Amino acid sequence: MKVNGEIKDRGRIKWTALMLPEHLTELRDWYAEDAHTEQPELTEWNLAAIQDEIEIAYKRKCETLIKTWRDNRIVEYQGIVETIDLYNKSILLADSIGDFRLSIEHIISAQCID
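All of these numbers come straight from a predicted model, not from anything done at the bench. (Residues numbered from 1 in each chain as written. Predicted model: local features only at pLDDT ≥ 70, side-chain atom pairs only at ≥ 80, totals over all residues. Heavy atoms only, no water.)

Caption draft 1: Structural detail: the pattern of salt bridges. Counted by the stated rule, this structure contains one salt bridge. Between Lys-67 and Glu-76 there is a salt bridge, with the nearest N and O atoms lying 3.7 Å from each other. For Lys-67, a relative accessible area of 27% corresponds to the partly exposed category. (Salt bridge = Lys/Arg side-chain N within 4 Å of Asp/Glu carboxyl O. Buried < 20%, exposed > 50% of the residue type's maximum accessible area, 1.4 Å probe, protein only.)

Spelled out as structure tokens, the structure:
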């Protein structure tokens, strides 16, 4: 804003620069809160459906989309189920990037794509 040829916004610019780190911290907390997802409650039917879908994906060696819940967020993985390790309660999912070992306890959904 100019008054008689002078710039009067210098004070606002100065204080905004001082408050910016606090605002960024608050924004980061707010975004983290938005990403927070409650753990879905799976019934016996859901667990049986997930188990069936993983077994079918393993036998057919088809592309599979697996969703896991961990650290208050849902993460999606896509690949081919290479092994099912019942001893360690995990599955090995092979992708073009590499292999992912997923804990069976964290899986909330499985779906064959092919």
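Don't stop here, the text continues.
Caption draft 2: Spatial organisation of a negative patch on the surface. A cluster of like negative charges, contributed by Glu-22, Glu-26, Asp-29 and Glu-33, occupies part of the molecular surface. Among the structural elements, Glu-33 can be located in helix H1 (residues 10-35). (Patch = residues over 30% accessible without salt bridge, like charges linked within 9 Å, V, L, I, M, F, W, Y side chains within 5 Å. Areas by Shrake-Rupley, 256 points an atom, 1.4 Å probe, with all protein chains shown as cover. Lys, Arg positive; Asp, Glu negative; His and termini not counted. Charge placed at Lys NZ, Arg CZ, Asp CG, Glu CD. Helix = DSSP H or I, 4+ residues; strand = E, 2+ residues; numbered from the N terminus.)

Caption draft 3: Quick peek at the nonpolar core. Core analysis: the largest hydrophobic core is formed by twelve residues, namely Ile-50, Ile-54, Ala-57, Cys-62, Ile-66, Val-81, Ile-91, Leu-93, Leu-102, Ile-107, Ala-110 and Cys-112. Put simply, the parts of the chain that give this core at least two residues each are helix H2 (44-60), strand E5 (90-94) and strand E7 (107-112). (Core = buried A, V, L, I, M, F, W, Y, C linked by side-chain atoms within 4.5 Å.)

Caption draft 4: Just the environment of Asn-46, in detail. With respect to the element layout, Asn-46 can be found in helix H2. When the C-alpha atoms of Asn-46 and Ile-108 are compared, they prove to be 8.4 Å apart, with 62 residues separating the residues in sequence. Within polar-contact distance, the side chain of Asn-46 engages the side chain of Thr-43 at 2.7 Å. (Polar contact = N/O pair within 3.5 Å; in protein donor to acceptor, adjacent residues only side chain to side chain.)

Functional significance is not addressed by these values, which are geometric in nature.
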